[in-house]
Amino acid sequence: MKNGYLPIKSEILEIIQHTDIEYTFRMAYKGDVKPGHFFEVSIPKYGECPISVSGIGKDFIDFTIRRVGKVTNELHNFKVGDGFFIRGPYGNGFDMNDYKGKEVIVAAGGSGLAPVKGIIDIINDNQVEYKDFNLLVGFKSPEDILFKEELKVWEKDLKVILTVDQAEGDYQGNVGLVTQYVEDIEVDDKDNVAVVIVGPPMMMKFTVEAFLKRGIREENIWVSYERKMHCGIGKCGHCRMDDTYICIEGPVFNFSKAKHLYD
Amino acid sequence: MKIGLSRESFNGSLKQLQEEYRIYAPVSMAFKGTFSDTDSIRYKEITTIEEIEFERKSHFSPKETLLPITQVLFYFTEDEYKEPSSDEKKLLVFLRACDIHAVKRIDQMYLKNGELDPYYKHARDRVKFVLIGCEESFRNCFCVSMGTNQTEDYSIGLKLTAEEVLLDIKDEDLNVYFVGEEKEFQVDYVTSNDTKVTVPDNLSGDVAKSDMWREYDKRCIACGKCNFVCPTCTCFAMQDIFYKDNENNGERRRVWASCHVDGYTDMAGGHSFRKKHGDRMRYKTLHKVYDFNKRFGYHMCVGCGRCDDACPQYISFSTCINKLNDLGEAEK
Ligand SMILES: Cc1cc2nc3c(=O)[nH]c(=O)nc-3n(C[C@H](O)[C@H](O)[C@H](O)COP(=O)(O)OP(=O)(O)OC[C@H]3O[C@@H](n4cnc5c(N)ncnc54)[C@H](O)[C@@H]3O)c2cc1C
Ligand code: SF4
Ligand code: SF4
Ligand code: FES
């Protein structure tokens, strides 16, 4: 009998430090993975936690992990060549077919950029397949900016608005909440837009509102929800919102469905 | 085959069965109860019929025979892990109609919601059920309202008389173990409870916003007892532990979890949902009589009333369902 709780050990190929508390781990992995999928990542003795894939390659996947507790603190002591345990991929992930041929807008807040980074990579590599692309991303402060190198690459070909909530001294970039910049995104045909919004609960709530106000239809907005998850496979009950299991049917939802979900 | 046999003969059969089966039944344990000086009735391995508590409702449900409170998923050393060797003995569990209906709900979650759970499946494949008939309703039961007062889903149906043990053996594998005289009888089931509920059929997610939940903000102390005694609650949390004498070795286990207890929804970064206890009451209640039905087509609650029996705050779940119904009626 297949035992879905048994993880596999995966080797760390590379570690990229973004901030004091956020690192990307490139892990050896072969298999079908989509942006928006997540894995249960574990270290024996410390426990297990869900982490989104932030990058997908032929022989690897990336996890961008913020240090906040038992498992994630311990992970940050690991070095290239070490390994930790993973099981997955879980969840529905983003379906790129929903976005092809459209004016795609990705709005991300903080570590919410990790789960959508795969979408940006795919669009950046296949630009002709998408009518237009805008990235709107916000961080708390300049020190919190993730994927600085990638942002530089994306800025070459894609339209990127990067903003921080607050900055000290002579910071050159945009300052202000993501919602303040929703107006600045140019939209050609409102009905041919696909907006993906991922971030902390409050950021998502207000950013969705801002896009709705601009006349974008609910069916053209997608969100990804984060809930406590112990199993990732529809058993432990923790992720349930009314009749929906976020680990199976989510974490990605079209907003026309997501708006009905309640905790 | 329907037969009657003496208690001695029945005990002889149990003895034979034990070569292949572990036999579980509700057992009274003196002074282990929730309230001081009360008994606790819960599932234990038994060898004779005299050990079985037939007179009263069990405080804990039979789910722990299939889904232990703590279950080791695997043992690990730094780099490897090993699944626990599995018990190959079969299980024979004595239980009542509502609890057999409850097993269907557990099956739904562990066998059909997403991928199959191998630990539960292993236990489920080995279990057979002995239905204990109910001559009369216990306090707080509302099985008739939930349609779970009767079942045909058993290997053996049992009725106890002063002289005899009457058995309706449906499972041919078990025939050989019992010798008795043929006897016509019906396994008892209740047709009416003092407690009655009407589950509203016109609910919508809007009831989540109702004021009725605020009553429970203070009353519910979030102890989780109602979840732990419930035969249909299936939530668990994962835990890693390591051994004191050898810190490199340990185990990953799962333990029962409760949606009423603090921490159930806590996420990194300090986010959590349902901080108010009334909202936890709402989450549980709607799962039992609304959300589960929406997903799977039948209600989760089987009306065993154990949550009402167990609540230290005398919160009545059946009353709560009826209040929900009144709310619906008011809207009609
Ligand atoms: C689908 C999904 C995708 C995710 N993707 C990512 C990702 O890409 N990158 C990332 O960094 N994170 C991601 N997360 C969040 C990540 O799962 C958590 O940060 C992780 O669980 C923390 O685990 P830990 O053992 O390190 O922390 P823990 O030690 O479990 O806790 C960290 C903090 O969370 C709170 N907390 C958690 N559990 C409890 C509890 N039981 N009681 C009280 N407080 C508690 C506390 O504030 C505590 O300080 C994702 C989560 C989900 C559901
Ligand atoms: S909710 Fe209460 S009455 Fe319903 S099955 Fe659970 S313990 Fe029994
Ligand atoms: S309803 Fe009663 S038993 Fe359940 S958590 Fe609240 S106080 Fe405890
Ligand atoms: S994470 Fe366990 S049911 Fe979804």
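This report concerns the structure included in the present document. (Residues numbered from 1 in each chain as written. Chains lettered and ligands numbered in written order. Predicted model: local features only at pLDDT ≥ 70, side-chain atom pairs only at ≥ 80, totals over all residues. Heavy atoms only, no water.)

## Comments concerning the overall build of chain B
The criterion, for reference: Numbered from the N terminus, helices here are DSSP runs of H or I no shorter than four residues, and strands are runs of E no shorter than two. Values of the radius of gyration come from C-alpha atoms, whereas the globule rule sets the reference at 2.2 Å times the count of residues to the power 0.38. Exposure is judged per residue with a 1.4 Å probe applied to protein chains only, and the accessible area is read against the type maximum: over 50% gives exposed, under 20% gives buried, and values in between give partly exposed. We call two residues in contact when some of their heavy atoms are within 4.5 Å. Charge convention: Lys and Arg are scored as positive, Asp and Glu as negative, and His as well as the terminal groups of each chain are ignored. All charge positions are set by atom: Lys at NZ, Arg at CZ, Asp at CG, Glu at CD.
What chain B contains, in helices and strands, is 11 helices and 12 strands. Taking 2.2 N^0.38 as the reference for a compact globule, 332 residues should give roughly 20 Å; the C-alpha atoms of chain B span a radius of gyration of 21 Å, in line with that estimate. The proportion of buried residues among the 332 residues of chain B is 55%. When contacts within chain B are restricted to residue pairs at least 6 apart in sequence, long-range pairs at least 24 apart make up 73% of them. Each charge sign in chain B was given a centre, from 47 positive and 55 negative side chains, and these centres are 5 Å apart.

## Description of the nonpolar core
Where we set the bar: By convention a nonpolar core is built from buried Ala, Val, Leu, Ile, Met, Phe, Trp, Tyr and Cys residues, the set being connected through side-chain atoms within 4.5 Å.
In terms of nonpolar packing, the biggest core is built from 68 residues, with A:Ile197, A:Phe211, A:Val223 and A:Tyr225 touching the most fellow members. Top contributing element to this core by residue count: helix H3 (residues 97-112) of chain B, with 6 residues. For A:Phe211, the residues in contact, after removing those within four places along its chain, are A:Ile105, A:Ala107, A:Val182, A:Ile185, A:Val195, A:Ile197, A:Ile216 and A:Ile221. Formed by 30 residues, the second largest nonpolar core is a distinct cluster that contains A:Ala108, A:Ile119, A:Leu151 and A:Val252.

## Points about the sheet that holds strand S11 (residues 193-198) of chain A
Across a sheet, strands are paired by hydrogen bonds formed along the backbone, either parallel or antiparallel in direction. Residue and element names in this part refer to chain A. The test is simple: The pairing criterion for strands is at least two bridges between them, as found by DSSP.
Read across the sheet, 7 strands follow the order S10-S9-S8-S7-S11-S12-S15 without closing on themselves; strand pairing throughout is mixed. Where the open sheet ends on each side, the last strands, each with one partner, are strand S10 (174-175) and strand S15 (252-254). Pairing analysis gives 6 bridges linking strand S7 (residues 103-109) to S11, with the strands arranged parallel. Paired with Glu-103 across the strands is Val-193, a residue of S11.

## Re the sheet that holds strand S5 (residues 81-82) of chain B
Residue and element names in this part refer to chain B. Spatially, the 4 strands line up as an open sheet ordered S5-S4-S12-S11, and their pairing is antiparallel. Each edge of the open sheet carries a strand with a single partner, namely S5 and strand S11 (236-242). Sheet topology note: the S11/strand S12 (residues 250-256) ladder contains 7 bridges and is antiparallel. Among the inter-strand pairings, Asp-240 is bridged to a residue of S12, identified as Arg-252.

## Section: the site of ligand 1
All names here are of chain A. The criterion, for reference: Residues are labelled near a given molecule or strand when at least one of their non-hydrogen atoms is within 4 Å of it. Whenever a nitrogen or oxygen atom comes within 3.5 Å of another N or O atom, the pair is scored as a polar contact, on the condition that within protein one atom can donate a hydrogen and the other can accept it, and that pairs from neighbouring residues in sequence are kept only if both atoms are in side chains. Note on areas: Shrake-Rupley with a 1.4 Å probe; residue coverage comes only from the protein chains shown. Put simply, Ala, Val, Leu, Ile, Met, Phe, Trp, Tyr, Cys and Pro go in the nonpolar bin, Asp, Glu, Lys and Arg in the charged bin, and everything else, Gly too, in the polar bin.
Of all residues adjacent to ligand 1, which total 21 residues, the nearest are Pro-50, Thr-64, Arg-66, Lys-70 and Thr-72. Here an oxygen atom of ligand 1 sits 2.7 Å away from a polar atom, N or O, in the main chain of Arg-66. Here ligand 1 loses 72% of its free accessible area of 980 Å² to cover by the protein chains. Per-element accounting of the shell around ligand 1 gives the leading share, 4 residues, to strand S4 (residues 47-56). Across the shell around ligand 1, the residue classes tally to 10 nonpolar, 5 polar and 6 charged.

## Quick word on the interface of chain B and chain A
Selection rule: Accessible area, probed at 1.4 Å, shrinks when two parts are joined; the buried area is that loss added up over both. By salt bridge we mean one thing: a side-chain nitrogen of Lys or Arg within 4 Å of a carboxyl oxygen of Asp or Glu.
Each partner contributes to the interface: chain B provides 50 residues, whereas chain A provides 41 residues. Considering only the surface of chain B that becomes buried against chain A, B:Glu115, B:Met238 and B:Arg295 emerge as the three largest contributors, covering 15% of it. In this assembly, chain B and chain A are joined by 5 salt bridges. When the shortest N-O distance is used, the salt bridge between B:Glu115 and A:Lys2 registers 3.1 Å. Those elements that place two or more of their residues in the side of chain B that touches chain A are strand S4 (70-76), H3, helix H4 (118-126), S11, S12 and helix H9 (277-296) of chain B. Ranked by the residues each element gives to the side of chain B that touches chain A, the list is headed by H9(B), at 8 residues.

## Things to note about the packing of aromatic side chains
This is how the line gets drawn: Each pair of aromatic rings taken from Phe, Tyr and Trp, with Trp reduced to its six-membered ring, is defined by centres within 6.5 Å and is described as stacked if the planes are under 30 degrees apart, edge-to-face if over 60, and tilted in the remaining cases. Consider the ring centre and the ring normal. A charge sits over the ring if Lys NZ or Arg CZ is within 6 Å of that centre and within 35 degrees of that normal.
This structure, assessed with the given rule, holds 19 aromatic pairs over all chains. With centroids separated by 5.6 Å and ring planes inclined at 70°, the aromatic side chains of A:Phe39 and A:Phe63 adopt a geometry described as edge-to-face. You can see A:Phe39 sitting in strand S3 (residues 38-43) and its partner A:Phe63 sitting in strand S5 (residues 60-66), a full 24 residues away along the chain. Residue A:Phe39 shares its accessibility class with A:Phe63, and that shared class is buried. Members of the aromatic cluster, each reached through a chain of ring pairs, are A:Tyr5, B:Tyr110, B:Tyr119, B:Tyr120 and B:Phe236. Here the basic side chain of A:Arg26 rests over the ring of A:Phe60, its NZ or CZ set 3.9 Å away from the ring centre. The ring of A:Tyr225 is capped by A:Arg227, whose NZ or CZ atom sits 5.2 Å from the centre of that ring.

## Some details on the side chain of B:Asn140
Residue and element names in this part refer to chain B. Topologically, Asn-140 is positioned in the loop between strand S7 (127-132) and helix H5 (143-146). Judged by relative accessible area, which is 16%, Asn-140 ranks as buried. A distance of 2.7 Å separates polar atoms of two side chains, one belonging to Asn-140 and the other to Asp-309. Setting aside chain neighbours within four positions, we find Asn-140 in contact with Lys-57, Thr-195, Gly-305, Asp-308 and Asp-309.

## What to know about the environment of B:Gly133
Looking at where B:Gly133 falls in the secondary structure, it is placed in the loop between S7 and H5. Aside from chain neighbours lying at most four places away, what touches B:Gly133 is B:Arg96, B:Leu158, B:Val187 and B:Asp188.

Taken by themselves, the reported measurements are silent on function.
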